[in-house]
Amino acid sequence: SLSERFTFAIPSSTVDEPDISLHDHQRAAAAIAAALYRWHEHEGSLGDGRRINDPDAGRFRFLCGDLSGIQRTLFRLAAEQIKGLNKILRARSLLMALTAEAAALAARRALRLPVFSLLQNAGGRFLLLVADLPDLEDRVEALRAEIDPWMRERYFGDLALILSLSEPFGKQDLMRENFRRVLESLGAGIEQAKLRAFARA
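### A closer look at the pattern of salt bridges
In step 1: For the structure shown, the criterion picks out ten salt bridges.
In step 2: Note that Glu-43 and Arg-51 form a salt bridge whose closest N and O atoms lie 2.6 Å from each other.
In step 3: Residues Asp-66 and Lys-194 are paired through a salt bridge, measuring 3.6 Å at the closest nitrogen-oxygen approach. Here Asp-66 is found in strand β1 (residues 60–68), whereas its partner Lys-194 is found in helix α7 (residues 176–194), with 128 residues between them in sequence.
In step 4: Among the residues examined, Asp-66 registers a relative accessible area of 7% and is labelled buried.
In step 5: One network of salt bridges, with partners in common, ties together Asp-66, Arg-125, Glu-191 and Lys-194.

Right, here's the structure in full:
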């Protein structure tokens, strides 16, 4: 909170034309460092400088949570011409934002991640940077098994919390010229996961 308060308006660089604040840059750097630490700790190479500096070492994955069905759920009320619609829409928008935030918190706890591993949380979608550990997919599957029944019971299938892991990627893929491919792969994975919503519930 101190970082956000005092560095949100400071540019991340004074050499070129930065498009992000120093606060956002610090959060992303801390998320990368945390994922690298977890990966090298599991591999047992924390003291191996050569391994740490290896550009192909240090594998990451993105975990994306996407609240699917927001517009359909919200705007069905408009079609029904319910009185006090604006207040209801604002309340439901807040409820859905809090649902996504609660899911992000549950994911962080399940994967034992620090707060700055959460790179994005807006518009019903969150994005976490995680280390590609052997038990990662099992942990995400356990989290999905916990969330899906609750969402189905609460929203009767109208609203779903989609969890999708990206393909593993290395440090070189975080470079600007390679990062678009990672995001495109993640987006395609999310769209495929939406087609299988509640498949395991």
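So much for the structure itself; the text now carries on.
### What to know about the sheet that holds strand β2 (residues 118–122)
Remark on secondary structure: sheet strands pair via backbone hydrogen bonds, oriented parallel or antiparallel.
In step 1: The antiparallel open sheet is built from four strands, whose spatial order is β2-β3-β1-β4. The two strands at the open ends of the sheet, each matched to only one other strand, are β2 and β4 (160–165). Neighbouring strand axes in the sheet, compared pairwise and without regard to direction, differ in orientation by 15 degrees on average.
In step 2: On the sheet, helix α2 (residues 22–43) packs against β1, β2 and β3 (125–131) and is oriented at approximately 40 degrees with respect to β3.
In step 3: Here helix α6 (residues 136–155) sits on the sheet in contact with β1, β3 and β4, set at roughly 170 degrees to β4.

### Focus: the confidence of the model for the chain
In step 1: Here the chain shows a mean pLDDT of 86. Residues at 70 or above account for 91%.
In step 2: Mean pLDDT across the secondary structure elements of the chain bottoms out at helix α4 (residues 70–80), with 65, and peaks at β3, with 95.

Definitions and cut-offs
Residues numbered from 1 in each chain as written. Predicted model: local features only at pLDDT ≥ 70, side-chain atom pairs only at ≥ 80, totals over all residues. Heavy atoms only, no water. Salt bridge = Lys/Arg side-chain N within 4 Å of Asp/Glu carboxyl O. Helix = DSSP H or I, 4+ residues; strand = E, 2+ residues; numbered from the N terminus. Buried < 20%, exposed > 50% of the residue type's maximum accessible area, 1.4 Å probe, protein only. Pairing = 2+ DSSP bridges. Axes fitted to C-alpha atoms, helices over the stretch in contact; angles between N-to-C directions. Contact = heavy atoms within 4.5 Å. pLDDT = per-residue confidence, 0-100.

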